[in-house]
Amino acid sequence: MVNLGDIFPNFSADTSDGKIEKFHDWIGDSWACLFSHPADYTPVCTTELARAVSLEPEFKKRNVKLIALSCDGVDSHIGWSKDILKFAGSDKTKLPYPIIADESRDLAVQLGMIDPDEKTKEGLPLTARAVFIIGPDKRLKLSILYPATTGRNFNEILRVIDSLQLTATKKVATPVDWKSGDDCMVLPTIPKDEANKLFPKHQVVPLPSEKEYLRRTPQP
């Protein structure tokens, strides 16, 4: 298992777009979103990877590279990609991101992506719907794990990336249901004098406790 803040494994893997010798080199100076799915040629997975095709320009704007993963082989990934592109309504002839072939389940086990309730007809375990966001420093910034029966919301993944990239450089946190452009929260660890200098437009939200810990500021 990889915990938040850990260096992400620098694995090698075969993909639908050729071999990745070192994952860290593939990421380069970008961010990365690695997301797994249970199996090729399945309905929910097709909708998810098609959505990723549609939103790939949005990830690219945020300097995020997409990469998918399942326990199917490279040939299966390449064949299935035609269905994905058709469902996405795309005129592309090739997926704009690679799919890792983890037939040995080595990565699935290492990254804790196995779904115990999902198996192949041969009884082999399948991957759950995991999401890993990795920063340019190659450290894990976020992980989410969905069961096979629940498709992901890729707009939420973009929202989280916006928050991660903002809070990586600004001394703010993002509140519930935040989206880019909304007010943020001043970190509670910042003293009042410093907060006044950094966020001159911030406001303290009055609370029954009279403690001034909830400080709202326009997004810096």
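What you see is a predicted model; the values in this text were computed from it and never measured.

Rules of the game
Residues numbered from 1 in each chain as written. Predicted model: local features only at pLDDT ≥ 70, side-chain atom pairs only at ≥ 80, totals over all residues. Heavy atoms only, no water. Axes fitted to C-alpha atoms, helices over the stretch in contact; angles between N-to-C directions. Helix = DSSP H or I, 4+ residues; strand = E, 2+ residues; numbered from the N terminus. Left-handed = near helix turned anticlockwise from the far one by under 90°. Contact = heavy atoms within 4.5 Å. Nonpolar A, V, L, I, M, F, W, Y, C, P; charged D, E, K, R; others polar. Buried < 20%, exposed > 50% of the residue type's maximum accessible area, 1.4 Å probe, protein only. Expected span 1.5 Å × (residues − 1). Bend = angle between axes of the 7 residues up to and from the residue. Parallel < 35°, antiparallel > 145°, perpendicular 65-115°, else oblique. Domains from an automatic or database assignment. Core = buried A, V, L, I, M, F, W, Y, C linked by side-chain atoms within 4.5 Å.

Visitor: Explanation requested: the packing of helix α2 (residues 43-61) against helix α5 (residues 154-167) in the structure shown.
Guide: Each packed pair of helices is defined by two parameters, the angle between the axes and the distance between the axes. Where α2 contacts α5, the axes come no closer than 10 Å and their chain directions differ by 35°. α2 and α5 meet at a crossing whose hand is right-handed. Residues E48, R51, A52, L55, E58 and F59 of α2 form the contact with α5, whose own contacting residues are F154, N155, I157, L158 and I161. Among the residues making up the contact of α2 with α5, the classes are represented as 7 nonpolar, 1 polar and 3 charged.

Visitor: Looking at this model, I keep getting lost on unusual backbone geometry. Mind explaining?
Guide: Negative phi values dominate among residues other than glycine, just as trans dominates among peptide bonds. Even without being glycine, N63 reaches a positive phi, approximately 60°. Looking at the secondary structure, you find N63 in the loop between α2 and β4 (64-70). Under the relative-accessibility criterion, N63 is labelled partly exposed at 38%. Here R105, not a glycine, exhibits a phi torsion of approximately 70°, which is positive.

Visitor: Explain helix α3 (residues 74-88) to me, please; I cannot follow it from the model alone.
Guide: In this model α3 runs 21 Å from its N-terminal to its C-terminal C-alpha over 15 residues, within 8% of the 21 Å that 1.5 Å per residue would give. Within α3, the axis deviates most sharply at W80, by approximately 30°. For α3, the full list of buried residues reads H77, W80, S81, I84 and L85.

Visitor: Even after reading the chapter, I still don't get the packing of α2 against α3, so can you show me in this structure?
Guide: As a packed pair, α2 and α3 sit with axes 8 Å apart at the nearest point and diverge in direction by 65°. Accordingly, the angle class assigned to the pair α2 and α3 is roughly perpendicular. Here α2 and α3 pass one another in a crossing that is right-handed. For the pair α2 and α3, contact is made by C45, T46, T47, L49, A50, V53 and S54 and by W80, D83, I84, L85, F87 and A88, respectively. Of the residues contributing to the contact of α2 with α3, the split by class is 9 nonpolar, 3 polar and 1 charged.

Visitor: It is not clear to me how the domain arrangement of the protein chain should be interpreted in this structure. Could you clarify?
Guide: Where interface size is given, it is often the accessible area lost as the parts come together that is meant. Domain assignment breaks the protein chain into domain 1 (6-153) and domain 2 (170-217). Each of domain 1 and domain 2 has a C-alpha centre, and these two points are 36 Å apart.

Visitor: I'm lost on the environment of L66 in this one. Help?
Guide: Within the secondary structure layout, L66 lies in strand β4. For the pair L66 and K82, spaced 16 residues apart in sequence, the C-alpha to C-alpha distance is 18 Å. Look past the residues within four positions of L66 in its chain and what remains in contact with it is W26, C33, F35, A52, E56, F59, Y97 and P98.

Visitor: I keep staring at the nonpolar core and nothing clicks. Help me out?
Guide: In a soluble, globular protein the nonpolar side chains are often hidden away together inside. Counting residues in hydrophobic clusters, the biggest one holds 29 residues, and the most contacted among them are C33, F35, L49, F59, Y97, I133 and I157. Elements that contribute at least two residues to this core include exactly β3 (31-36), α2, β4, α3, β8 (129-134), β9 (140-146) and α5. For this core, the element with the most residues is α2, which contributes 7 residues. Each residue touching L49, except ones within four places of it in the same chain, is listed here: F35, H37, A68, W80, I84, Y97 and I99. Grouped together as the second largest cluster of nonpolar side chains are 20 residues, F8, F23, A108 and A130 included.

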